[in-house]
Amino acid sequence: MIRLVGANFRTAPLELRERLAWPAAAVPDFLARCQMDLGSEIVLLSTCNRTEIYFASSELPSVDDLIRRIANDRQLDPSALGDGFYIRDAANAVHHLFRVAAGLDSLVVGESQIAGQAQTAYELAVRTGTVGPTLHAAFQHTRQVVKRIRAETRLAEGKVSVASLAIDHLRQVFDRFDSKIVLVMGPGKMGAVALRHLQTLGPGTILVANRSPEKALAMASACNGQALPWERLDDGLRQAHIVLSATGASEPILTCARFDAVRRSRGGRHVVILDLAVPRDVEPAVAEFEEVDLLVNVDDLQQLRADVLRERARQVPAAEAIVAHEVDRFMRDWSRRWAGPAIAALHAECDTLRHEVESQCLARLNGKLDEADKQVVAGALRLLQNKLLHAPISAVQDEAQSGKERGLFDALIKLFRLKT
Amino acid sequence: MPLSLLHGLGMNLDRISIYCFAACYTLAFVLELGELLRPGRPLRWLRRALAAAGLVAHTAYIASNAMPLQGGHSVVMLLSLILAVYYLSGTFHYQRTAWGLFVLPVILLLVALARWQPQSLAPIVPPPEQGQQIWVWLHLVFLLFGQVGLCVAFMASLMYLVKWSQLRRKSVLGASVPMPNLERLETIHRRAVNLAFPLFTCGLLIGFLLMLQTGSMRWSDSKLVTAGLLWIVFALLMLVRYLLHVRGRWVALLTILAFGFLLAALVLPWFWPSAHPTAGGVP
């Protein structure tokens with residue numbers, strides 16, 4: 001049986017989540033101690049938005065005990081944790097795990113980072129030796145669920161950070177970046193983030209222009225670029241394939257007249273302009289020039305972000321349906337795995353008994369029955385056995401599928417003295 | 001050899017008609033459309049299988065019906081076959097783009113044109129005793145590959161214009177028709193016209209010299225006029241691209257115009273009689 005105890009951004013305030021977050025180095029020790037004390041499998045998933053602990057064992061510890069342990073480890077008052085925690089058992093715990101890994105329970109729906117974090121948490125528990133067959137099966141199935149959702153829905157498609165959306169636009173225009181010249185105009189905070197993303201594309205040359213030569217120099221050395229004096233901005237505009245602008249200027253820097261003056265010496269080369277400044281650095285009419293393949297401003301990117309989130313929201317029902325289907329599949333597989341051998345043993349035991357009774361009966365009636373009568377007797381006994389076993393086996397299978405109790409299962413083993 | 005192999009496999013090549021491979025290409029196109037709604041590996045492989053089946057039928061058809069080269073029908077059939085090979089290779093190279101939405105209609109258009117082309121019984125390549133065989137072959141091959149280049153440039157231009165308009169509408173990231181980026185499309189276009197223009201020019205020159213030698217065609221012959229106009233548009237395209245350094249949309253539009261002239265060169269002889277062997281041999 002699987003039990004989950006956790007707190008996330010919906011149930012616990014930031015202050016509590018901060019205190020609940022386990023430092024990576026302390027996780028193996030906590031896992032090992034819990035396993036030793038409780039004798040259960042355990043995986044700890046700790047991110048900035050959630051802390052969740054997955055236990056699996058035939059006899060799970062009480063919720064109070066678990067919360068007390070967590071509070072002790074994180075040096076918190078157990079009474080302060082009560083409301084912030086949620087508990088899920090059996091199929092509900094598996095359902096929660098699948099939803100979390102698929103990004104359905106995330107602050108930004110569809111984010112893909114959490115799948116990697118869940119995988120890392122599982123791998124750490126494997127290395128620590130606190131994962132057994134139940135959590136192995138659950139976390140490995142989780143990977144399949146995430147893969148299926150990504151293949152069959154568009155839940156994780158598109159970026160939601162403004163800077164990465166801006167960079168995605170560049171990929172729609174350019175095939176390679178090692179021959180491209182990037183002109184960065186006075187990067188503000190968002191510009192600096194976009195520049196960091198842009199650097200991952202490996203542009204050929206980065207020119208940094210800023211009204212302050214010191215700032216230009218500092219930024220240029222930080223990004224392996226060249227500082228360009230502000231007075232020579234037009235030279236940069238003549239060369240650039242990509243213009244990234246995020247100055248704090250109150251008036252547009254790149255006006256139509258300015259671009260018109262430099263475009264003649266650009267040799268027909270096209271340009272993409274990312275204007276991340278507010279107020280804008282580039283006059284909107286610059287987009288009308290033939291050489292400008294694309295002019296994107298912050299509003300465009302915000303709009304795109306909203307579109308991506310809307311599209312993701314549209315994909316949620318399909319993803320939830322996959323999760324529900326996979327939970328059902330997992331629970332059925334799992335119940336077959338642990339109840340299967342006992343049911344097979346029960347069938348074998350009853351078959352042996354039936355054959356014994358059948359032989360005795362036929363021996364007493366020796367000579368009175370022909371072959372057809374013997375078949376009828378054998379068939380009747382088989383039918384009786386199947387009818388008698390049908391209800392208890394169904395009940396055990398239902399119990400196994402629900403993943404909650406093992407009472408009937410244990411009773412079956414005891415009543416029939418089965419060896420599994 | 002392939003012909004005898006297919007015969008050996010028990011295939012009756014005479015029963016393969018244009019409709020066989022046209023149906024395969026059409027279904028592949030429908031699957032391309034379907035993939036826009038539900039992208040996935042099974043559809044992609046089914047589409048490739050259909051294109052491959054079409055290609056086999058197409059080859060078998062040409063082998064049994066269009067060889068030796070007779071009339072414009074066989075030339076357009078060859079042109080569409082080369083483009084079908086190009087499409088199939090593109091489905092592996094440009095897996096996640098709606099490549100086929102632009103290539104397959106051109107192939108189908110050419111197949112349809114071939115279907116309605118007058119089928120001349122006179123062979124295009126004259127018998128060896130006339131001594132021009134090698135030149136006619138060169139004329140044919142150069143023009144054929146020049147036309148292939150122009151078709152590829154046309155498709156790249158169409159994609160370029162769609163992509164460009166997606167970018168202008170700022171709808172490119174969530175675009176329902178995924179396409180290669182602008183730079184890649186420009187590269188495809190540039191390579192195609194760089195290859196096609198010299199081949200096309202050489203092919204025309206050889207044809208012009210053959211015409212002077214044999215005196216079989218008049219200056220007002222429809223084939224000659226449309227081919228000449230096509231060359232002028234093509235030359236204008238190269239001029240604009242390399243001397244005036246114009247790129248992007250205008251080059252794409254000129255390429256589409258050039259393709260229009262290519263179609264005119266194929267269709268016009270139906271209405272305006274031509275003495276060219278590919279036009280049906282009407283004197």
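What counts, and where the lines are drawn
Residues numbered from 1 in each chain as written. Chains lettered and ligands numbered in written order. Predicted model: local features only at pLDDT ≥ 70, side-chain atom pairs only at ≥ 80, totals over all residues. Heavy atoms only, no water. Helix = DSSP H or I, 4+ residues; strand = E, 2+ residues; numbered from the N terminus. Buried < 20%, exposed > 50% of the residue type's maximum accessible area, 1.4 Å probe, protein only. Areas by Shrake-Rupley, 256 points an atom, 1.4 Å probe, with all protein chains shown as cover. Core = buried A, V, L, I, M, F, W, Y, C linked by side-chain atoms within 4.5 Å. Contact = heavy atoms within 4.5 Å. Expected span 1.5 Å × (residues − 1). Buried area = accessible area lost by both parts, 1.4 Å probe. Salt bridge = Lys/Arg side-chain N within 4 Å of Asp/Glu carboxyl O. Polar contact = N/O pair within 3.5 Å; in protein donor to acceptor, adjacent residues only side chain to side chain. Nonpolar A, V, L, I, M, F, W, Y, C, P; charged D, E, K, R; others polar. Phe/Tyr/Trp six-rings, centres within 6.5 Å; stacked < 30°, edge-to-face > 60°. Lys NZ or Arg CZ within 6 Å of the ring centre and 35° of its normal. Pairing = 2+ DSSP bridges. Bend = angle between axes of the 7 residues up to and from the residue. Axes fitted to C-alpha atoms, helices over the stretch in contact; angles between N-to-C directions. Parallel < 35°, antiparallel > 145°, perpendicular 65-115°, else oblique. Left-handed = near helix turned anticlockwise from the far one by under 90°.

A. Quick look at the overall build of chain B. The helix and strand inventory of chain B stands at nine helices and zero strands. Secondary structure elements in chain B, listed N-terminal to C-terminal, are α-α-α-α-α-α-α-α-α. Per-residue burial over chain B gives 50% buried out of 283 residues. Summed over its atoms, the accessible surface of chain B is roughly 13400 Å², and 71% of this surface lies on carbon and sulfur atoms.

B. Spatial organisation of the nonpolar core. Grouped together as the largest cluster of nonpolar side chains are 107 residues, with contacts concentrated most on Leu 170 of chain A together with Leu 83, Ile 107 and Leu 110 of chain B. If you tally residues by element for this core, the top one is helix α6 (residues 133-168) of chain B, at 16 residues. Apart from the residues within four sequence positions on either side, Leu 110 of chain B is in contact with Val 76, Leu 79, Ser 80, Leu 83, Cys 151 and Leu 266 of chain B.

C. Layout of helix α8 (residues 162-173) of chain A. Residues and elements named next belong to chain A. The terminal C-alpha atoms of α8, which comprises 12 residues, lie 18 Å apart, in line with the 16 Å expected from a rise of 1.5 Å per residue. Counting buried positions along α8 gives 11 out of 12 residues, so the element sits mostly inside the fold. Listed in full, the buried residues belonging to α8 are Val 162, Ala 163, Ser 164, Leu 165, Ala 166, Ile 167, Asp 168, His 169, Leu 170, Gln 172 and Val 173.

D. Focus on the interface of chain B and chain A. Taken residue by residue, the interface counts 18 residues in chain B and 25 residues in chain A. Interface area, chain B with chain A, both sides summed: about 1900 Å², of which 44% is carbon and sulfur. Connecting chain B to chain A are three salt bridges. Along the contact surface separating chain B from chain A lie 15 residue pairs in polar contact (both at pLDDT 80 or more). The set of elements that each furnish at least two residues to the side of chain B that touches chain A consists of α6, α7 (182-214) and α9 (249-271) of chain B. Ranked by the residues each element gives to the side of chain B that touches chain A, the list is headed by α6 of chain B, at five residues. Residue composition of the side of chain B that touches chain A, by class: eight nonpolar, three polar and seven charged.

E. Representation of the packing of aromatic side chains. In this structure the tally under the stated criterion is 15 aromatic pairs over all chains. Ring plane angle 0 degrees and centroid distance 5.4 Å describe the contact between Tyr 122 of chain A and Phe 139 of chain A, whose orientation is recorded as stacked. Of this pair, Tyr 122 of chain A sits in helix α6 (residues 113-128) while Phe 139 of chain A sits in helix α7 (residues 133-152), and the two are 17 residues apart along the sequence. This pair shows no difference in class: Tyr 122 of chain A is buried, exactly as Phe 139 of chain A is. Taken together, the ring pairs in this structure connect Phe 197, Phe 200, Trp 231 and Phe 234 of chain B into an aromatic cluster. Sitting over the face of the ring of Trp 22 of chain A, Arg 74 of chain A holds its NZ or CZ atom 5.1 Å from the ring centroid.

F. A look at the pairing of strand β1 (residues 2-8) of chain A. Residue and element names in this part refer to chain A. Of all seven residues in β1, seven are buried, a share of seventy percent or more. Alternating positions in β1 separate into two faces, Ile 2, Leu 4, Gly 6 and Asn 8 on one and Arg 3, Val 5 and Ala 7 on the other, with burial throughout. Two elements, β1 and strand β3 (residues 50-56), share seven bridges in a ladder whose sense is antiparallel. Along β3, the bridge assignment pairs Leu 4 with Tyr 54. Pairing of β1 with strand β4 (residues 86-89), which is carried by four bridges, proceeds in the antiparallel orientation.

G. Inspection of unusual backbone geometry at higher detail. Of note, the bond from Val 278 of chain A into Pro 279 of chain A is cis; its omega dihedral lies within 30 degrees of zero at -5 degrees. Looking at where Pro 279 of chain A falls in the secondary structure, it is placed in the loop between β9 (271-275) and β10 (292-297). Backbone geometry places Gln 75 of chain A, a non-glycine residue, at a positive phi of 55 degrees. Topologically, Gln 75 of chain A is positioned in the loop between α3 (63-73) and α4 (78-81). The exposure class of Gln 75 of chain A is exposed, given its relative accessible area of 67%. For His 245 of chain B, which is not a glycine, the phi torsion comes out positive at approximately 55 degrees. Among the structural elements, His 245 of chain B can be located in the loop between α8 (222-243) and α9. Take His 245 of chain B: its relative accessible area is 45%, and that puts it in the partly exposed class.

H. Up close: helix α13 (residues 298-364) of chain A. Residues and elements named next belong to chain A. With 67 residues, α13 extends 94 Å from end C-alpha to end C-alpha; this agrees with the ideal 99 Å at 1.5 Å per step. Its maximal kink placed at Ala 339, α13 deviates by approximately 45 degrees, while the proline Pro 341 follows within four residues. The backbone nitrogen of Asp 299 has a side-chain oxygen 3.0 Å away, supplied by the residue at the start of α13, namely Asn 297.

I. Spotlight on the environment of His 325 of chain A. Along the chain, the position of His 325 of chain A falls in helix α13. In sequence terms His 325 of chain A and Val 145 of chain A are 180 residues apart; their C-alpha atoms lie 9.7 Å from each other.

J. Structural context of the packing of helix α2 (residues 27-38) of chain A against α6 of chain A. Residue and element names in this part refer to chain A. Relative to each other, α2 and α6 sit at 60 degrees, their axes nearing to 10 Å. Overall, the two elements α2 and α6 adopt an arrangement that is oblique. As α2 runs across α6, the sense of the crossing is right-handed. Contacts between α2 and α6 involve Val 27, Pro 28, Leu 31 and Ala 32 from the first element and Leu 124, Ala 125 and Thr 128 from the second. Partitioning the contact of α2 with α6 into residue classes produces six nonpolar, one polar and no charged.

K. Structural view of the pattern of salt bridges. All chains considered together, the criterion is met by 34 salt bridges over all chains. Residue Glu 183 of chain B pairs with Lys 180 of chain A through a salt bridge whose shortest N-O separation is 2.6 Å. With Glu 183 of chain B in helix α7 and Lys 180 of chain A in the loop between α8 and β5 (181-185), the pair connects residues from two separate chains. Glu 183 of chain B gets classed as buried once you look at its relative accessible area, which sits at 18%. Assessed through its relative accessible area of 3%, Lys 180 of chain A is described here as buried. Two residues, Asp 328 of chain A and Arg 332 of chain A, come together in a salt bridge whose shortest N-O distance is 3.1 Å. You can see Asp 328 of chain A and its partner Arg 332 of chain A sitting in helix α13, four residues apart, about one turn around the helix. We classify Asp 328 of chain A as partly exposed; its relative accessible area is 36%. Each of the salt bridges in this network shares a partner with another, and the network as a whole consists of Arg 10, Arg 50, Glu 52, Arg 99, Asp 105 and Glu 320 of chain A.

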